[in-house]
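Structural overview
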Amino acid sequence: MKKTLLSATIGAAVLGAASAASAATLDDVKAKGFVQCVVNTGLAGFSAPDASGNWTGFDVDYCRAIAAAIFNDPSKVKFTPTTAQTRFTALQSGEGDVMFRNTTWTINRDTALGLNFRTVNYYDGQGFMVPKSLNVKSALELSGAAVCVQSGTTTELNLADYFKANNLQYNPVVFEKLPEVNAAYQEGRCDVYTTDQSGLYSIRLSLSNPDEHMVLPEIISKEPLGPAVRQGDDQWFDIVSWSHYALVQAEEFGITQANVDEMKNSENPEIRRLLGVEADSKIGTDLGLGNDWAYNIIKHVGNYGEVFERNIGMSTPLKIERGLNALWTDGGLQYAMPIR
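Residues numbered from 1 in each chain as written. Predicted model: local features only at pLDDT ≥ 70, side-chain atom pairs only at ≥ 80, totals over all residues. Heavy atoms only, no water.

Residues Trp328, Tyr335 and Met337 make up a contiguous nonpolar surface patch of about 300 Å² in total accessible area. Counting through the fold element by element, tyrosine 335 comes out in the segment after helix H13 (304-311). Classification of tyrosine 335 by relative accessible area gives partly exposed; the value is 43%. (Patch = residues over 30% accessible without salt bridge, like charges linked within 9 Å, V, L, I, M, F, W, Y side chains within 5 Å. Areas by Shrake-Rupley, 256 points an atom, 1.4 Å probe, with all protein chains shown as cover. Salt bridge = Lys/Arg side-chain N within 4 Å of Asp/Glu carboxyl O. Helix = DSSP H or I, 4+ residues; strand = E, 2+ residues; numbered from the N terminus. Buried < 20%, exposed > 50% of the residue type's maximum accessible area, 1.4 Å probe, protein only.)

Moving on: the sheet that holds strand S12 (residues 213-215). Taking strand neighbours across the sheet as the criterion, the 5 strands line up as S10-S9-S11-S8-S12 in an open arrangement whose pairing is mixed. Of all the strands in the sheet, the pair left with one neighbour each is strand S10 (170-175) and S12. Averaged over all pairs of adjacent strands, the angle between strand axes in this sheet comes to 30 degrees, irrespective of strand direction. When strand S8 (residues 126-131) meets strand S11 (residues 192-196), the two strands line up antiparallel, connected through 4 bridges. Paired with methionine 129 across the strands is tyrosine 193, a residue of S11. The strands touched by helix H6 (residues 154-165) are S8, strand S9 (145-150), S10 and S11; relative to S8, the strand with the most contacts, the crossing angle is about 80 degrees. (Pairing = 2+ DSSP bridges. Axes fitted to C-alpha atoms, helices over the stretch in contact; angles between N-to-C directions. Contact = heavy atoms within 4.5 Å.)

Once that is clear, we can look at the state of the cysteines. Evaluated as defined, the whole model comprises 2 disulfides. Residue pairing for cysteine 37: its cysteine sulfur links by disulfide to cysteine 63, the two sulfurs lying 1.9 Å apart. Taking the torsion about the sulfur-sulfur bond, which here is approximately -60 degrees, the covalent link between cysteine 37 and cysteine 63 counts as left-handed. Here cysteine 37, found in strand S1 (residues 35-40), pairs with cysteine 63, found in helix H3 (residues 58-71); they are 26 residues apart in sequence, far enough to count as distant. The disulfide bridge from cysteine 148 ends at cysteine 190, spanning 2.0 Å between sulfur atoms. Because the sign of the S-S torsion sets the handedness, a value of about -100 degrees for the bond joining cysteine 148 and cysteine 190 places this disulfide among the left-handed ones. Placement of cysteine 148 in strand S9 and of cysteine 190 in the loop between helix H7 (178-186) and S11 is noted, with a sequence separation of 42 residues between them. Each member of the pair, cysteine 148 as well as cysteine 190, carries the same accessibility label: buried. Among the cysteines of the protein that take part in disulfides, numbered as they appear in the sequence, the pairing is 1-2, 3-4. (Disulfide = S-S within 2.5 Å.)

Quick look at the packing of helix H2 (residues 25-32) against helix H9 (residues 234-253) now. Interhelical geometry of H2 versus H9 gives an angle of 75 degrees and a closest axis separation of 7 Å. Between H2 and H9, the interaxial angle falls into the category roughly perpendicular. Across from Thr25, Leu26 and Val29 in H2, the residues of H9 making contact are Gln235, Trp236 and Ile239. Here the residues of the contact of H2 with H9 sort into 4 nonpolar, 2 polar and no charged. (Parallel < 35°, antiparallel > 145°, perpendicular 65-115°, else oblique. Nonpolar A, V, L, I, M, F, W, Y, C, P; charged D, E, K, R; others polar.)

When you line up the elements, valine 240 lands in helix H9. Leave out the neighbours within four places in its chain, and valine 240 touches Ile66, Val98, Phe100, Pro227 and Val229.

Under the present numbering, the feature "domain: Solute-binding protein family 3/N-terminal" (unreviewed entry) in UniProt falls on residues 34-263. Across residues 34-263 one finds 35% helix and 24% strand; the C-alpha atoms that close the span lie 29 Å apart. (UniProt positions renumbered as here; feature names shortened; annotations may be inferred.)

Let's shift gears to the environment of aspartate 28. Checked against the element boundaries, aspartate 28 lands in helix H2. C-alpha separation for the pair aspartate 28 and aspartate 97, spaced 69 residues apart in sequence, amounts to 9.2 Å.

What follows covers the nonpolar core. In this structure, Val35, Phe58, Trp236, Ile255 and Trp293 are the most contacted members of the largest nonpolar core, which totals 72 residues. Leu142, Val147, Tyr162 and Leu216 belong to the second largest nonpolar core, which has 15 residues in total. (Core = buried A, V, L, I, M, F, W, Y, C linked by side-chain atoms within 4.5 Å.)

Before going further, it helps to examine H2. Residues three or four positions apart in an α-helix share a direction because the helix packs 3.6 residues into each turn. Buried within H2 we find Thr25, Leu26 and Val29. Angularly, the buried residues of H2 cover 100 degrees about the axis, an arc narrow enough to put them on a single face. Where H2 ends, the next residue or the one after it, glycine 33, has phi of about 90 degrees, a positive value. (Arc of directions from axis to C-beta.)

Looking now at the pairing of S8. Consecutive side chains of a regular strand alternate in pointing toward one face of the sheet and then the other. With 6 of 6 residues buried, S8 lies mostly within the body of the structure. Of the two faces of S8, the one carrying Gln126, Phe128 and Val130 and the one carrying Gly127, Met129 and Pro131 are both buried. Examined bridge by bridge, S8 and S12 share 3 bridges and lie antiparallel to one another. Its bridge partner lying in S12, proline 131 is registered against histidine 213.

Below, the structure is given as structure tokens:
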């Protein structure tokens, strides 16, 4: 009986989410005058507010790109900070229009939660951080360790799988909120910290003595991170997806925030089509946007490479290399679908 009631409750929640989305999210966004974006409560380089409440980061720039595409104004966005436990509920219930929150695309999340994923804006993988004083060089040396991990994440599940597969023992130290996990590791309540490797680089910088900690070389999972929207509104789903592809395509074409106006004069019809100036360009019509939506994204936010380098790249304290997030032409996985 309990199982039946639980299934009915979840089913009702998912149906409700789909119904909410079917009410034309774009119209709702235009009516209220801003995009409501579900983000992390604070992860350096990805989404974090400063002392004045101004949000910056890789995920934040994606939120601003959506606002630029719709309003030609990247400031027309508000943020809903969430924990790993509350993020899906916030999106399902309509507290946000879209979620950019270092969230892994999995079959369960894509089918059972009333949500849709399509694009991957950051290819990541789970890793481990340890104090250098622990004198370990590999995750295979961690048997018996106490491991700090956040609940409600794929990280928690991958951790169990990895240790079981390698016949290792561990003691999980589990917390719901990221600041709680960070504090526990800083205070020495666990020997190891595990999360997505990009997160480890960010968290390491927040420690009192970052140089005393190291990220181990093992990547134990695939963590394709990307946006999610509620099911039931294909137009909104398309706007979010193609905004990512526009950022990537702009980098492929060498279009930047600085030269986008000049590039409007290009003789390349693909570039002109992306920027909405080719005679047959109707790239905005089916999205319910103006044909200059991609131009507006690039003008206000830049291309994918600029977003990456500005927030988390080698010129930032995180110093994350492009790796799998390089363009496909440079040996990476970032690849834009044809915009035509």
